[in-house]
Amino acid sequence: MDKNKYIELLEILCCPECKGDLEFVENYLYNENTNDELLKQIKGKEISGYKCNNCSLLFPIIEEIPVFLVDKAIKLNK
Ligand SMILES: [Zn+2]
């Protein structure tokens, strides 16, 4: 899926945690230690995803699939 498709999705998506607006982000380097099998796949990689500025969660796009699960979301430092 190309970048514009992801950006178009912003119109219909909202944060599953707080229902807030999301922002498309690119080139986020995920480098945290995790035991999560899904998140291990993106460790050390630059990823794209959807960021909620309200609750500072980043919902990663993994293998071209946006993962809108709160327990897979990356907690960002404010
Ligand atoms: Zn939120």
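Walk down a regular strand and you will see the side chains alternate between the two sheet faces. Two elements, strand S1 (residues 22–30) and strand S2 (residues 45–52), share seven bridges in a ladder whose sense is antiparallel. Considered in S2, the bridge of Tyr 30 is made with Lys 45. Adjacent in sequence and paired antiparallel, S2 and strand S3 (residues 57–62) are bridged by four residues, among which Ser 56 carries a positive phi angle near 55 degrees.

On to the coordination of the zinc ion, then. For the zinc ion, the protein coordination sphere consists of Cys 15 (SG), Cys 18 (SG), Cys 52 (SG) and Cys 55 (SG), at 2.2 to 2.3 Å. Coordination at the zinc ion comes from four donor atoms whose angles at the metal span 102 to 121 degrees, giving a geometry best classed as tetrahedral. The sequence motif formed by the donor residues of the zinc ion is C-x2-C-x33-C-x2-C. Taken together, the residues span a long stretch of sequence, with Cys 15 in the loop between helix H1 (3–9) and S1 and Cys 55 in the loop between S2 and S3 at a distance of 40 residues. The partly exposed category is assigned to Cys 55, whose relative accessible area is 24%.

Mapped onto the elements of the fold, Lys 72 is located in the loop between strand S4 (65–66) and strand S5 (74–75). Once residues within four sequence positions are removed from consideration, Lys 72 is found in contact with Asp 36, Leu 38, Leu 39, Pro 60 and Val 67.

Thresholds, definitions, all that
- Residues numbered from 1 in each chain as written.
- Predicted model: local features only at pLDDT ≥ 70, side-chain atom pairs only at ≥ 80, totals over all residues.
- Heavy atoms only, no water.
- Pairing = 2+ DSSP bridges.
- Helix = DSSP H or I, 4+ residues; strand = E, 2+ residues; numbered from the N terminus.
- Donors = N, O, S within 2.8 Å, 3.2 Å for Na, K, Ca; no water.
- Tetrahedral: all angles 85-135°; square planar, octahedral: opposite > 155°, others 65-115°.
- Buried < 20%, exposed > 50% of the residue type's maximum accessible area, 1.4 Å probe, protein only.
- Contact = heavy atoms within 4.5 Å.

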